[in-house]
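Analysis of the macromolecular model
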Amino acid sequence: MLCEGATPRYASAMTNRTWTAALLVIGDEILSGRTQDRNIAQLATWLNVQGIRLSEVRVVADREAAIVEAVNILRARNDYLFTTGGIGPTHDDITVDSIAAALGVPVVVHPQARAILEEHYATRGGLTEARLRMARVPEGSGLIENRMSGAPGIHIANIFIMAGVPHIAAAMLDSLTGTLEGGLPVVSATLGCWVGESEVADLLRNVERAHDGVAIGSYPFFRDGRTGANFVVRATDRAVVDACVADLAGQLSAGGREPVNGGI
C-alpha cells in the first residue's frame with residue numbers, strides 16, 4: 001500500500017483509453033555492463049496486469065543533468081513515470097536530488113520515512129547519517145511501502161521512484177498493485193510457422209487490418225538450418241485475439257504453411 005502523502009489516481013471503471021508509462025533506469029553500473037537490468041521485464045509484466053502499457057525505456061548515467069532532462073521529457077508524455085536506481089545511502093545515489101531539481105522543489109527528510117528507518121535499524125547499529133539519506137524525498141512526496149529492506153520508495157505527482165535491486169523493486173510494485181488508474185490488460189496468443197516473415201508480410205498486415213483493436217508482432221528466428229517466425233497477436237479482448245489467431249492460422253494453412261499453436 002501507499003503510505004501517507006501524495007496519492008495517485010485510484011483505479012476507476014476500466015475504459016478503452018490507453019494508459020502509458022515510461023521507465024527511467026538510472027545508474028552507471030547499467031551503462032558500463034557491470035549490472036544487467038532485470039527491472040524492465042518485471043515492470044512491463046506488472047504494468048500490463050494494471051492495464052498500463054510500458055511505452056518507452058531510457059537508461060541514463062548518475063548525472064543530475066541527464067536525469068533531470070529525462071524525467072521532464074518522460075513524465076510529460078506518459079501517464080506515469082517509474083524510475084529505478086540511485087536511492088540508496090551512498091554519495092553517488094543522486095536520484096532524489098535530481099528529481100527534486102526536475103520538479104523545482106527542495107529535498108526534505110520525510111518524517112514517516114525516518115521513523116520507518118529508525119525502527120528498521122534499531123537492532124542494526126542505528127540510524128546513521130548515511131542511512132538517513134534514504135529518508136530524503138522531494139518535498140510533497142508520499143511513500144511506497146517496502147517490506148523487503150525498510151527504505152521506502154517515493155511517489156510524487158505521476159512519478160514513482162523505486163530501488164534498483166530487482167527483488168526490492170518487485171516488493172514496491174506489489175505495494176502499488178491495484179492503486180493506479182489504468183485500462184484493460186492486454187491478452188495475447190502466439191502462432192509459429194516455418195516461414196520467412198518477408199514471405200507473409202502482406203498476409204500479416206491484411207489480417208491485422210481485418211480485426212479492430214489487434215496488433216500482430218512478428219519475431220523471426222533461424223534454427224536448425226531453417227528460417228521461421230513466431231507471430232504474437234495482442235488485444236484487450238480474448239475473443240478478438242482468438243478470432244484473429246483463427247483467421248491467421250487459416251490463411252497460413254491455405255498458403256501451404258503449417259501454423260503451430262503456441263509458437264515454435
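Above: the structure in question.
A quick note: this is a predicted structure, and the numbers were derived from the prediction, not measured.

1. A look at the overall build of the chain
A tally of helices and strands in the chain yields nine helices and 12 strands. Once the C-alpha set of the chain is aligned to its principal axes, its extents read approximately 70 × 45 × 35 Å. Here the chain holds 264 residues, and the buried ones make up 45% of them. Of all intrachain contacts in the chain linking residues separated by at least 6 positions in sequence, the fraction that spans at least 24 positions is 71%. Approximately 12,600 Å² of the chain is accessible, and the part contributed by carbon and sulfur atoms is 51%. In the chain, 22 positive and 29 negative side-chain charges are present, and the distance between their average locations comes to 2 Å.

2. Re the layout of surface pockets
Using a probe with the size of a water molecule, rolled over the atoms, empty space left in the structure can be pinpointed. In this structure, the largest pocket occupies an estimated 490 Å³ of space. Together, 31 residues line the largest pocket, and G85, G86, A163, G164 and V165 are the ones closest to its centre. Those elements that provide at least two residues to the lining of the largest pocket are β1 (19-26), α1 (28-32) and α7 (166-176). Looking at the lining of the largest pocket, its residues break down into 12 nonpolar, 11 polar and eight charged. What the second largest pocket holds in volume is close to 160 Å³. Together, A44, L47, N48, I52, R53, L54, V186, V187, S188, V232 and R234 line the second largest pocket. Elements supplying a minimum of two residues to the lining of the second largest pocket: α2 (39-49), β2 (52-60), β9 (187-193) and β11 (226-235). Of the residues belonging to the lining of the second largest pocket, the class tally is seven nonpolar, two polar and two charged.

Parameters at a glance
Residues numbered from 1 in each chain as written. Predicted model: local features only at pLDDT ≥ 70, side-chain atom pairs only at ≥ 80, totals over all residues. Heavy atoms only, no water. Helix = DSSP H or I, 4+ residues; strand = E, 2+ residues; numbered from the N terminus. Buried < 20%, exposed > 50% of the residue type's maximum accessible area, 1.4 Å probe, protein only. Contact = heavy atoms within 4.5 Å. Areas by Shrake-Rupley, 256 points an atom, 1.4 Å probe, with all protein chains shown as cover. Lys, Arg positive; Asp, Glu negative; His and termini not counted. Charge placed at Lys NZ, Arg CZ, Asp CG, Glu CD. 1 Å grid on protein atoms, 1.4 Å probe; cavity = no way out; pocket = protein on both sides within 12 Å on 5 of 7 lines; lining within 4 Å. Points joined across faces, edges and corners; volume = space filled by probe spheres on them. Nonpolar A, V, L, I, M, F, W, Y, C, P; charged D, E, K, R; others polar.

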